[in-house]
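Here is how the chains run, residue by residue.
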Amino acid sequence: MDHRLASDSPQFRPRWRKVAYGGMQPGFDDNYTDESFLEGMVMNANVVKRDMLKVMLDSVSISEYLCIVALVVLVWTYTLESTIDENCLLCIDVSLLVSGFLILLYTPEKVSLSILIHHYFLNISFFIIGLYVLAPIYQTLTRSISSDSIWAVTASLLVLHLFLHDYSESTVNAPGALKNPALTSCISVNASVVASVFIASRLPSRLHVFAIMLFSLQVFLFGPLVTYCIKKYSFRLHLCFSISLMVVTLSFVYMLHRLLFVLLLSLLVFVNVVCPYWLIRIQEYKFEINGPWDEAKLCFAITD
Amino acid sequence: MTGLAGKSMDRKKHRIMMVSDFFYPNFGGVENHIYYLSQCLLKLGHKVVVVTHAYGNRSGVRYMTRGLKVYYVPWRPFVMQNSFPTLFPSLPIIRTILIRERITIVHGHQAFSTLCHEALMHSRTMGYRVVFTDHSLYGFSDAGSIHMNKVLQFTLADVSQAICVSHTSKENTVLRSGLPPEKVFVIPNAVDTAMFKPAVVQPSRSEIVIVVISRLVYRKGADLLVEVIPDVCRLHPNVRFIVGGDGPKRVRLEEMREKHSLQDRVEMLGAVPHAQVRSVLISGHIFLNSSLTEAFCIAILEAASCGLLTVSTRVGGVPEFWNAVLQGLIWIHFFAI
């Protein structure tokens, strides 16, 4: 016992090794902390360094969608006040359809002309015919519900739609691609469709109902696809389109109601300027920890 | 020598309360650890009491080997074998047990156990000495881990000492809980070699048998098995697999077996009772551990103690005791031959 103690004098003890059963290492306690403690830790390995200008430009697509929804609500308001009559609305529908088709044609998506004609055209014709046939049902759907409830429910549904909308456009793709949309994007699409149905049910005639339903569904269902195509085609075009859209929306809302104009303007400023600045400010507090304790990631996808 | 022996006899005898949600009749790393640790402490002359929640009809006070007293507190498990997290309603029963058994040290196990956190909190409030042992590795980024780490920070803010089962686990616990590293002791788990002895007669070498015994869940790498087994069977015609254990991924393994027609080469045993683990292990040559994260893999130790060659994924705390396993393995092989 005594001669063992003499050979393990402090300056002579061997280097500590990171092995289990450290009792095999004489001279070191169980709670000994070596200099190599936490040397396997990697901090902030996957964190993206953000640039203020790029974040602001990216946030333009969010405000673009906000303006689109604001325009839809404008059209609804004008229709309900009978400022726009049904023929005007039908013209708007047709022009939107045609311009949407043209944009899809001219942007180099993986969509060739023949596929476009056959696939999209056919489906959209069925869709329009179906809407026209079902228009009487929508007209009488909420006859027993008071108007106040309708406005309240529509407003909350639209807020839900904006909140849960997939702004990264990961679910928008050319026909034929198989992707699983997230739950929240399904909920948002459903909310917008239900809101459109509620508004449509307040209108006087069947043609009104058909026109407004067609308009709303066109924008909510095909709008993201069209904006995605524009963005992919040319960022400059996307920027011009978004800014002109914002200007047009703001001017229309100004003509409608001053308070709403102020609200919309402040919302756009918040989304485009304040939020990017805020994001970059709090990025410096990000602390991502990785190390040998992490769960291993499978390099293949699990197919059930 | 006699001086030292006399000193150990005069050392104070403690009355220890082990508290965790996970205990017999469940079988697992934490449960076995608590049981064997209690037995060793009882052998040294201390008194040990285990507090856990009731398992089905098993409720009340039971006595186990060597007078180990187990309190099965009559609470139903809530989710994943944990008791319902009540903050203060658990105080009366914990206090009763602490005072009645005249406990001196409270030892909590496993960060995932709500009963452990509550008991440690109440014990510290009453001024008892508290030790905590962490058995698993956890992440930092998903919602469940963030929540649990916050709770752990509260509980461990006032603990006397903490024990981790490997150095990687110590780093993980220190980062998660903010404990000073000097307070954390690394004491690895041990295996009962008397129970896990190699086979008297080695199985024949004409056919290589690979044994896998684990819970068939994602975390234990059951998906890796689904990918690996067909390839190995194809490349080496003389290889057979024995898969023991049950879990949600068992269906995938059965499907893989059907798809590649490996019914005669892959044997699925289902859940293996702990008493029969050794007999399953000694029927094989190689033990395969495919877990994706492991603070300390006691299955590898058990397999090495039975004389099998072990193959494992290099995760968590596994690389640390590779030396020990290798030395032990060579020794056992030599002995068996």
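Going along each chain's sequence as written, the residues are numbered from 1 onward. For naming, the first written chain is A and the first written ligand is 1, with later ones following in the order written. Per-residue local features are limited, in this predicted model, to residues with pLDDT of at least 70; the limit for side-chain atom pairs, both in listing and counting, is 80 or more; totals at the level of whole chains, interfaces and linings are taken over all residues. Based on all heavy atoms of the structure, the side-chain values leave hydrogens and waters out of the count.

- Looking up chain B in an unreviewed UniProt entry gives the name phosphatidylinositol N-acetylglucosaminyltransferase, with the organism given as Stylosanthes scabra.
- In its Pathway (unreviewed entry) section, the UniProt record describing chain B reads: "Glycolipid biosynthesis; glycosylphosphatidylinositol-anchor biosynthesis." UniProt positions are given in the numbering used here, feature names are shortened, and annotations may be inferred rather than shown by experiment.

- An unreviewed UniProt entry lists chain A under the name Phosphatidylinositol N-acetylglucosaminyltransferase subunit C, from Stylosanthes scabra.
- Turning to chain A, the UniProt record has this under Sequence similarities (unreviewed entry): "Belongs to the PIGC family."

As for the packing of aromatic side chains
Thought 1: Here is the rule: rings of Phe, Tyr and Trp (six-membered ring for Trp) pair when centre to centre is within 6.5 Å. Planes less than 30 degrees apart are stacked, more than 60 are edge-to-face, and the remainder are tilted. Under the defined criterion, the tally for this structure stands at ten aromatic pairs over all chains.
Thought 2: Taking the centre distance of 6.3 Å and the plane angle of 70 degrees together, the rings of A:Trp293 and B:Phe140 count as edge-to-face. Of the two residues, A:Trp293 sits in the segment after strand 2 (289–290) while B:Phe140 sits in the loop between strand 8 (129–134) and helix 5 (143–156), which places them in two different chains.
Thought 3: A:Trp293 gets classed as buried once you look at its relative accessible area, which sits at 2%.
Thought 4: We count a charge as sitting over a ring when the NZ of a lysine or the CZ of an arginine lies within 6 Å of the ring centre and within 35 degrees of the ring normal. The positively charged end of B:Lys170 is found above the aromatic ring belonging to A:Phe37, 5.5 Å away from the centroid. Secondary structure is summarised from DSSP: a helix means a run of H or I of at least four residues, a strand means a run of E of at least two, and numbering begins at the N terminus for each. The classification of residues rests on relative accessible area computed with a 1.4 Å probe and restricted to protein chains. Under 20% of the type maximum is buried, over 50% is exposed, and intermediate values are partly exposed.

Examining the interface of chain B and chain A
Thought 1: Contacts are assigned to residue pairs that have any heavy atoms within 4.5 Å of one another. Each side of the interface is counted separately: chain B has 37 residues, and chain A has 26 residues.
Thought 2: Buried area is calculated as the accessible area (1.4 Å probe) missing from two parts once they are joined, with the contributions of both summed. Here chain B meets chain A over a buried area of about 2,800 Å², counting both sides, of which 64% is carbon and sulfur.
Thought 3: Broken down residue by residue, the surface that chain B buries against chain A is led by B:His167, B:Glu171 and B:Leu175, which jointly contribute 21%.
Thought 4: Any carboxyl oxygen of Asp or Glu within 4 Å of a side-chain nitrogen of Lys or Arg constitutes a salt bridge here. Where chain B packs against chain A, one counts one salt bridge.
Thought 5: N or O atoms within 3.5 Å of each other form a polar contact, as long as, within protein, one can give a hydrogen and the other can take it, and as long as residues adjacent in sequence are counted only when both atoms are side-chain atoms. The tally of links between chain B and chain A comes to six residue pairs in polar contact (both at pLDDT 80 or more).
Thought 6: Looking at the side of chain B that touches chain A, the element that brings in the most residues is helix 6 (residues 167–177) of chain B, giving seven residues.
Thought 7: Each residue gets one label: Ala, Val, Leu, Ile, Met, Phe, Trp, Tyr, Cys and Pro are nonpolar, Asp, Glu, Lys and Arg are charged, and the others, such as Gly, are polar. Of the residues contributing to the side of chain B that touches chain A, the split by class is 21 nonpolar, seven polar and nine charged.

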